[in-house]
Amino acid sequence: MRGCRLVTTSQAPAAAPVPDSPLVRAARGLDVPHTPVWFMRQAGRSLPEYRAVREGVGMLESCRRPDLVTEITLQPVRRHGVDAAIFFSDIVVPLAAVGVDLDIVPGVGPVVAQPVRTRADVERIRALDAADVPDITESVRMLVAELGPTPLIGFAGAPFTLASYLVEGGPSKNHEHTKALMHGDPALWHDLCARLAQISGAFLRVQAEAGASVVQLFDSWAGVLSRADYIRFVQQHSATALAAVADLDVPRIHFGVGTGELLTLMGEAGADVVGVDYRVSLTDALDRTGGRWPLQGNLDPALLFAPWEALERRVREIVEEGRAAPGHIFNLGHGVLPATDPDVLTRVVELVHEASAR
């Protein structure tokens, strides 16, 4: 494994969440010693130690091996000093766990063997139970035992994004089959999303019950929708997924790409924190949401390739914009790009902590 230490599998007991961590406090709108920071896709291809430990191991297998999940999740915490770990997994893992025939193809993404287009296709998708993913429970328990005071963020894909992958058969630029099903057979669409909401919610709950301190619902493709379509076809199902952990007192982050017109609707779906991508400033996001929720975001990942002077200026601007929000978690406006210099990420973490120190 080229020197990467794999954490030994164990039956570690579930640890209590970390309520006094800066990230959890920010998610609750409480005072913090500094703005907490983590990065989407911080555990991934930008890290040489990640590439080494993943060598020769498929993505789905990596997500189902507690030793690998634990090691990969911990890597950016060790290297960057971020304020939270994000659970290493993929949004299609729970779909595979309930029997959907799919694979994560390098350079492509999730590919579904038989796209979901008919009533019979929907009926084949069964509910997710914790017994389907005992490895996820084990991985989370191992992680919280290793992380100590650093919180773990659990996550799941939102029903719309999962539905789009299933209906299109893989990633899509135009989502033509998805939108055709939504409008052409609304009853079938809602039945599909209701099943996916149960799966997403159950996956979040498994992680939260095992010790995750925060959860995030990713709606990667929701930005392709109008407000009217989001309200009619999507919001209720995201609300169901988020409600699955409402009784666990775990802050819920809701993030989507290109969702500047949907921020308030996403908050109203049941979020405690609204994630903002890089297309909308935090100032505009705060205005649009009326200060009702803490915000997360939102450095453009491409700016990590800019000269340090330009990057530092933008980081400081975002920190200042975030001070006006009820709470602010610094993040990228989407995921870390694979060619990103890890040392730049470390410098950004240090800068955010320094610039935001109370």
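The present account deals with the structure reproduced in this document. A quick note: this is a predicted structure, and the numbers were derived from the prediction, not measured.

Focus on the overall build of the protein
If you tally the helices and strands in the protein, you get 16 helices and nine strands. Against the globule reference of 21 Å for 358 residues, the protein gives a C-alpha radius of gyration of 19 Å, in line with a compact fold. When its C-alpha atoms are laid out on the principal axes, the protein stretches across 55 × 45 × 40 Å. Per-residue burial over the protein gives 59% buried out of 358 residues.

What to know about the sheet that holds strand β1 (residues 85-86)
One open sheet accounts for seven strands, arranged β1-β4-β5-β6-β7-β8-β9; its pairing is parallel. Each having just a single partner strand, β1 and β9 (328-329) make up the two edges of the open sheet. As defined by bridge partners, strand β6 (residues 252-256) adjoins strand β7 (residues 273-275) across two bridges and the pair is classed as parallel. In the strand pairing of β7, His-254 is matched with Val-274.

Some remarks on helix α12 (residues 235-243)
Those residues of α12 not exposed but buried are Gln-235, His-237, Ser-238, Ala-241 and Leu-242. Buried residues along α12 cover an arc of 165 degrees about the axis, so they all sit on one side. Buried residues along α12 sit against α8 (159-168), α10 (186-210), β5 (214-219), α11 (227-233), β6 and α13 (263-268).

As for the nonpolar core
In this structure, Phe-39, Leu-192 and Phe-330 are the most contacted members of the largest nonpolar core, which totals 122 residues. Those residues in contact with Phe-39, other than ones at most four positions away along the chain, are Val-82, Ile-86, Phe-330, Asn-331, Leu-332, Val-336, Leu-345, Val-348 and Val-349.

Criteria and thresholds
- Residues numbered from 1 in each chain as written.
- Predicted model: local features only at pLDDT ≥ 70, side-chain atom pairs only at ≥ 80, totals over all residues.
- Heavy atoms only, no water.
- Helix = DSSP H or I, 4+ residues; strand = E, 2+ residues; numbered from the N terminus.
- Rg over C-alpha atoms; globule rule 2.2 N^0.38 Å.
- Buried < 20%, exposed > 50% of the residue type's maximum accessible area, 1.4 Å probe, protein only.
- Pairing = 2+ DSSP bridges.
- Arc of directions from axis to C-beta.
- Contact = heavy atoms within 4.5 Å.
- Core = buried A, V, L, I, M, F, W, Y, C linked by side-chain atoms within 4.5 Å.

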